[in-house]
Amino acid sequence: MKAVVFENQKITMADVPIPVLSKNEALVKIHLAGICATDVALFFGHHNFAGIPGHEFTGVVQSAPEQPDLEGRRVVADINCGCGQCDVCRTRDPRHCANRSVVGIRGRNGVFAEFCVLPLSNLHIVPDGIGDKEAVFAEPLAAALEISRQVKVSESSKVAILGDGKLGLLCAMVLRQFTPNLILIGRHPEKLIIAELQGVRTICRQGGREYETSNIVSEKFDLAVDATGSPAGINEAIRLVRPEGTVVIKTTSFEKSEIDLAGVVVNELNLIGSRCGDIRLAVDFMEKKVIDLHPMIEALYPLDSFEKAFEHAMRKGSRKILIQN
Ligand SMILES: [Zn+2]
Ligand SMILES: [Zn+2]
């Protein structure tokens, strides 16, 4: 099968054998895959990963010997694969298993290929009402929804989202469904408009000095979400929340952050790290059709043109780039 291989900051288009299934696994034919900021970080060696990258996808089950009823079904998948044996897997959440592999990120090949092997227990069927170009967003959408699982967001909650990158936009559009008192702060008018058209209030501070939001926003928020992708974003979020408020950190920056700890202590803030979410919640959410994901897509490329697609995805300000099989 055709596959993309990342190694030593090089992209190779390779012809590799179709993977062999172990017990309780399925072979999935990948239809659409999305390139995400994590893939760019992998490429630059930040996760110490070598192999087939890619973790955002939708596809069709080609073979599943232990669960043949799945064959031919459209699926998405939870990307965290716990060992299934340890205490964390048995009693808490395999997403935090110390021995986990993560599809296309850690110890397991991903979806920038014609086929991918996934544990049966990670698969979720995509209902007919959800198109492939929506289903491919299941993983980042679940990550956005994770905030609503970690923090109680109600109609009266005042929420600020920092960053109008792909994840920031999704967080804003998702949390807008929980509260009308939400603002998205970004610097790209062409991206902010995507959220605006779906009822999100936005502030653009293009050309403004970095992280001087106090002039733009004088309000204090119950919850601020840092999705800036910048190590300085967290301090901005800290400045925006009220005493005893909450900051959710979505930014995975490989540069170290200098956190304004005094601000956190004096104002008794809650800082919450937030990674992946529950794919089932994302599928249910998509089924309700409350947000339109299509404007998030910038371009589609065939798998053969992966290098071009990846260059495009690395352009600053690009929306979602999809790989089609
Ligand atoms: Zn991702
Ligand atoms: Zn485990």
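In this report, the structure presented in the accompanying data block is examined. (Residues numbered from 1 in each chain as written. Chains lettered and ligands numbered in written order. Predicted model: local features only at pLDDT ≥ 70, side-chain atom pairs only at ≥ 80, totals over all residues.)

Focus on the pairing of strand β13 (residues 221-226)
Counting buried positions along β13 yields six of six residues, so the element is predominantly enclosed. When strand β10 (residues 159-162) meets β13, the two strands line up parallel, connected through four bridges. Bridge pairing links L162 to D226 in β13. Note that β13 and strand β14 (residues 241-249) share five bridges and pair parallel. Its bridge partner being in β14, D226 is matched across the sheet by I249. On the question of chirality, the crossover connecting β13 to the parallel β14 by way of helix α7 (residues 233-240) is right-handed. (Buried ≥ 20, exposed ≤ 12 C-beta atoms within 10 Å, placed from the backbone. Helix = DSSP H or I, 4+ residues; strand = E, 2+ residues; numbered from the N terminus. Pairing = 2+ DSSP bridges. Right-handed = clockwise from strand over helix to strand, strands pointing away.)

As for helix α9 (residues 279-287)
Buried within α9 we find I279, A282, V283, F285 and M286. Along α9, the residues classed as buried sweep out an arc of 160° about the axis, all on the same side. Of the surrounding secondary structure, the elements contacted by the buried residues of α9 are β5 (74-77), β9 (123-125), α3 (132-135) and α4 (138-150). Phi for K289, located one or two positions after α9, is positive at around 55°. (Arc of directions from axis to C-beta. Contact = placed C-beta atoms within 7 Å.)

Things to note about the environment of E114
Tracing the chain through its elements places E114 in the loop between β7 (101-102) and β8 (115-119). Among the residues examined, E114 registers 16 C-beta atoms within 10 Å and is labelled partly exposed. On a C-alpha basis, the gap between E114 and A144 in space is 27 Å, while along the polypeptide they are 30 residues apart. Residue contacts for E114: discarding those within four places in its chain leaves M1, K2, K29, I30 and N325.

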